Amino acid sequence: MSNISYHISNLLEKMTSTDKDFRFMATNDLMMELQKDSIKLDEDSEKKVVTMLLKLLEDKNGEVQNLAVKCLGPLVRKVKEYQVEIMVDTLCSNMMSDKEQLRDISSMGLKTVIAELPPCSAGQSLTANVCKKITSQLIGAMCKQEDVSVQLEALDILSDMLGRLSGTLISFHASILTSLLPQLTSPRMAVRKRAIMALGHLVPSCSTTLFTQLTEHLLAELGRGQQTSTTRTYIQCLATHGVRVEGRVRCPKEMSPHISTVIKLCLRYITYDPNYNYDVDEGGDEDGDESMDTEDGEDEDQESDDEYSDDDDMSWKVRRSSVKCLEAVISTRRDLLVELYGSVAPTLLARFKEREENVKTDIFVAFVALLKQTRPSQGLITTATEPGSHGDKIRLFVVSQVPTVVKALHKQLKEKSMKSRQGCFSLLTELANVLPGALGKHIPALIPGIVHSLTDKSTSSNMKIDALSFLNVLLCSHPPAVFQPHMKVILPPVVQCVEDPFYKITSEALLVTQQMVKIICPLGDKLPAFDVKPYVKDIFSATLKRLKAADIDQEVKERAISCMGHIVCHLGDQLGGDLQPTLQIFLERLKNEITRLTAVKTLTLIATSPLRIDLRPLLTEGIPILASFLRKNQRALKLSTLTALNMIVMNYSDSLKPPMIEAVLNELPALIEENDMHISQVAVMLLTCIAKVCPSSLSKIGNTVLPGVFHLVHSPLLQGGALSAILEFFKALVVTKAGNMGYNDLLKALTGPFHGAGKATDPTPMHRQSYYSVARCVAALSSVCPKEASGMVTGFIQEVKNPKCSESVRILSFLCLGEAGRTMNLGGQKELKTVILEAFSSPNEEVKSAASCALGNICVGNLEDYLPFMLTEIGSQAKRRYLLLHSLKEVISACSTESLLAHVEDIWALLFKNRECAEEGTRSVVAECLGKLTMVNPAQLLPRLKQQLSSGSPVARSTVVTAVKFTIVDQPVPIDSLLKGCIGDFLKTLQDKDPNVRRVALVMFNSAAHNKPSLIRGLLASVLPSLYNETQIRKDLIREVEMGPFKHTVDDGLDVRKAAFECMYTLLDSCLDCLDIFEFLDRVEEGLKDHYDIRMLTFIMLARLCCLCPNAVVQRLDRLIEPLRVTCTTKVKAGSVKQEFEKQEELRRSAMRAVAALLSISEVEKSPAMADFANQIRTNAEMASILESIQGDTRSSTVESMDTS
């Protein structure tokens, strides 16, 4: 420590030398020392260093002064707070000096100090104290009207400080605003400009009151109609604020009445070009156009460099501003799309001839925005394609404009201006994406421009990439016949790009080449013949060169492998002697860890080729390599390898030797497990394939693979695709007699665990899902073994009748009978009906449910015998009605429309008798049956449901509305068109007097919004008020219930409110563009203060809103934060029960997830309220810990999703 002090003292002594070189070197050495992290100064050294550096600011040598300023930065973090304050005081005093050089150097010193102050979030008092000291002196300096240079320096420093540390100056915001406003009327333009910049840095973090005060002042001054320069200043100030605080000044609702006026003004000024005659230009030659564009482009660049240029022609700025304003309208008002295409699109098309490069680029951007808005919105399922619909009109208009667009752009694709050409490609790419196939007739006009951009020596790399990208989109979105005539012209430049030294161009060219291979030789019999021989050599040679190269970019390696794979797949019969050496290269790439995944996918492609490429030379070495991949941890590699093996086994089984298959089979047991159902599914599909083509190879699977398959069948997680794959495997196993296991062996292995479940030997009960899985497997075996099946059915009936059988065995037997009964007629089993009905009286609910399910499924297989029996029983047996209705539901769900038509009237009459049943569970089943039955004959039955809306019984109305919910499914069905015409009548029940009817109406509305948003999009304007009304707390539905000595509050409106908020959440995903988001946020804000269940929902909604419309959320931050703060800081009373603590903890975590979503919005902490809340969380250890864990979970889930993709 003493050595440092001694060294510093020596340096300080040299700084007093009369020799400027000594002073310079000593100051430079001091700067080097201060930049070291290890250096620590004692109090005396601090004082001496600060005093000396401040003295050197007045040094006669400029270089020494500059070094002294540089030393101030690292010194701020090395000395105590009061020394920094001394530095700041001295610098501020020097700023007022009459010496210009000292003022300038002190100003630089202050900026250096401000730049080095720790950020507000660091929690140090140094920054706040120093900023306050500087601010008070700067405000005084700004009022020094006699010296403009002092004002300019003060404004500059204040802008810097507000830009970095505005949050620490909240207490000074009002006085800063007061001192800045008079500067807007300064006669000096530079002062006005810097005052605008300072105000721009102030507004993002100032309070709403101050922001309103500033805006009102500017608008009032504008209204006074002062001289032009002052008016311009106020407009620029408002514009700066609009950019800085987008969230606060966005007001789409308030702007709506003025949109048409804005559009008219923009369309008027977009053509404002008084110094140029476009008519003369259009009559001139093309070369003249190009030279003029180049000259104007240069002028424009000079003009844009200086905002206040004296150049006479400033009209381009008017046109550019008009275009930008139109783009803002297009991007935010999707609801006006038809009107925009009618009025704005033709004008934008006409302005494609714009002479100024930057203006033309913005016109292209605006038209691209219009095309992007044309794409169907999220959740829009059918509206966009319905003839005569809103979306259809727009699509027809865009199609009609395609020739005009191509005519306006195809010449510009050859212009010298890179920016214009890139704009053309961007617009055409979007057009091809929005309307696939629409450019087919215009390909001859577009190809010369594409070729020019690929071959012109002056073309930039980005230009080539854009041209290739556009060409790829064209090739993907148009049929082969459109491009085949132009291959002679388009192929050579693409092949040339494959050989380009820049890897990004090569990569994009390989992608295009791959698509071209599909174009010149599409796979299929019905396509016309095309002579591919002239092109094969060039494509193959260029791709092979890249395939062989080892020292190239990873992306190029992968695309070269993929491209060559397509060449082999489509043109393998044309390669002759080059084929096998190429396949050997694939084998080498298979051995490389970096390229193996792409190589596996490529082998899969080649194995599926109808050309039957000879892969035999690869298989001996390749199969063991592929088998080894099944042991790797990389999930994507395992899945791709399984798919590849499946294709190879399917198409090359005659070339597979037993050791090869054994190598694969040895790896499969580890893959068939419940931890990853998708991998298990693909592995079982591979087993099925092997069983079909090489059954003898599965002779030893009884002790290896099959135990895993049986374990999977008994897993509670098995369902969907994995279950279907296992069913096919068992069928193949029995039919081919592979695996040395017959029908009875498999049956025993499947049902065996249920005979011991729950007993002392195996106390673990089987999961309910496994009963259904095993029943499906048994039915699958029976379908391919009809001889053994009849004995199996008899056996199951005996087990059901046997009172000594355990409940688990009886349940399984019923389910097996049901699944088998779906595909085979069990009418010959006379005692079956009696057995099932007796089971309805069982004390075990699971047995009753299984019997009900069995009856329904058996009825599906023998409708004529069982359906009349079932309907009779429903009508006569009130005690069994609920179970019988469940059976009927199975029948209606599973039977075809044709088979049910004859029985519709009988079923309908029976269901209608029970629509007002006292038991809610029974009514729910009746409603589901009614809904599904309506889909059998919608034209006749839907009007009947509609008639019941006028029923006097609220119970009947609720049943009918619930029935409609079950007619809305996520697949297109015949009832959709009828439902769209009358769903409005059913939604009127949202205004029903009965709360339960309103609740089921909300549930039905939610189902429509989720499954078929097109049904309700057009009705939202009339439905949303009723929906929002149901989110409000109704005091008339709250009552007090006495429970002994305690009083308990019951809210009968809670379920309705919960259903309403669930609807709101669904609308966010399916109909966001139809919502007034600020009105929506009003309801979310109220929900944040509601009951526990509602708050949990609104926290999730708020997090979703942060992703979907962050700007709107930022505008409401001040009102949203307080309820979040209350939830996060509320503590449960000490004597409360455990459940209360758990509920509060869950609420807090949910609120914190919403906070984490808010904090993910860029620059959200510029809001004082958010910054304060975030600081409160970070300084509270418990809350900080919760927030950190949530943010960690979010990051890890993002990484996981990236890995799996």
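Shown above is the structure to which this text applies.
Because the structure is a prediction, the values reported are computed rather than measured.

Definitions and cut-offs
Residues numbered from 1 in each chain as written. Predicted model: local features only at pLDDT ≥ 70, side-chain atom pairs only at ≥ 80, totals over all residues. Heavy atoms only, no water. Axes fitted to C-alpha atoms, helices over the stretch in contact; angles between N-to-C directions. Helix = DSSP H or I, 4+ residues; strand = E, 2+ residues; numbered from the N terminus. Parallel < 35°, antiparallel > 145°, perpendicular 65-115°, else oblique. Contact = heavy atoms within 4.5 Å. Core = buried A, V, L, I, M, F, W, Y, C linked by side-chain atoms within 4.5 Å. Buried < 20%, exposed > 50% of the residue type's maximum accessible area, 1.4 Å probe, protein only. Phe/Tyr/Trp six-rings, centres within 6.5 Å; stacked < 30°, edge-to-face > 60°. Lys NZ or Arg CZ within 6 Å of the ring centre and 35° of its normal. Salt bridge = Lys/Arg side-chain N within 4 Å of Asp/Glu carboxyl O.

Student: Account for the packing of helix 20 (residues 357–374) against helix 22 (residues 418–434), naming residues and giving values.
Tutor: Contact geometry of helix 20 with helix 22 gives a least axis separation of 9 Å together with a crossing angle of 10°. Taken together, the axes of helix 20 and helix 22 lie roughly parallel to each other. Across the interface between the two elements, Glu 357, Asn 358, Lys 360, Thr 361, Phe 364, Phe 367, Val 368, Leu 371, Lys 372 and Thr 374 of helix 20 pack against Lys 419, Ser 420, Gly 423, Cys 424, Ser 426, Leu 427, Glu 430, Leu 431 and Val 434 of helix 22.

Student: Let's hear about the side chain of Ser 773: which residues, and what values?
Tutor: Relative to the elements of secondary structure, Ser 773 occurs in helix 39 (residues 768–784). When residues no more than four places from it in sequence are discounted, the contact partners of Ser 773 are Val 713, Leu 718 and Leu 723.

Student: An account of the nonpolar core is requested, with residue identities and associated values reported.
Tutor: By size, the foremost hydrophobic cluster in this structure holds 318 residues, and its most contacted members are Leu 668, Phe 730, Phe 814, Leu 888, Ile 1016, Leu 1067 and Phe 1080. Other than its neighbours up to four places away in sequence, Ile 1016 contacts Ile 983, Leu 987, Phe 1005, Ala 1008, Ala 1009, Leu 1067 and Cys 1071.

Student: Before we move on, could you go through the packing of aromatic side chains and cite the residues and values that matter?
Tutor: The full count for this structure, using the stated rule, is 11 aromatic pairs. Taking the centre distance of 6.4 Å and the plane angle of 90° together, the rings of Tyr 866 and Phe 869 count as edge-to-face. One end of the pair, Tyr 866, and the other, Phe 869, are both in helix 44 (residues 863–876), three residues apart, so they sit about a helical turn from each other. Given a relative accessible area of 1%, Tyr 866 falls into the buried group. What makes Phe 869 buried here is its relative accessible area of 17%. Through pairs of rings, three or more aromatic residues link up here, namely Phe 352, Phe 364 and Phe 367. Positioned above the aromatic ring of Tyr 866 is the side chain of Lys 833, whose terminal nitrogen or guanidinium carbon lies 5.0 Å from the ring centre. The ring of Tyr 1092 carries Lys 1143 above its face, with NZ or CZ at 4.8 Å from the centroid.

Student: Kindly report on the pattern of salt bridges, identifying the contributing residues and their values.
Tutor: Counted by the stated rule, this structure contains 50 salt bridges. Note that Asp 156 and Arg 194 form a salt bridge whose closest N and O atoms lie 3.3 Å from each other. Highlighted residues: Asp 156 in helix 8 (residues 148–165) and Arg 194 in helix 10 (residues 189–202), separated in sequence by 38 residues. The partly exposed category is assigned to Arg 194, whose relative accessible area is 27%. Glu 728 is paired through a salt bridge with Lys 731; the nearest N and O atoms lie 3.7 Å apart. Residue Glu 728 and its partner Lys 731 are located together in helix 37 (residues 720–736), separated by three residues, close to a single helical turn. Among the charged side chains, a salt-bridge network with shared partners connects Asp 273, Arg 319, Arg 351, Glu 354, Arg 355 and Glu 356.

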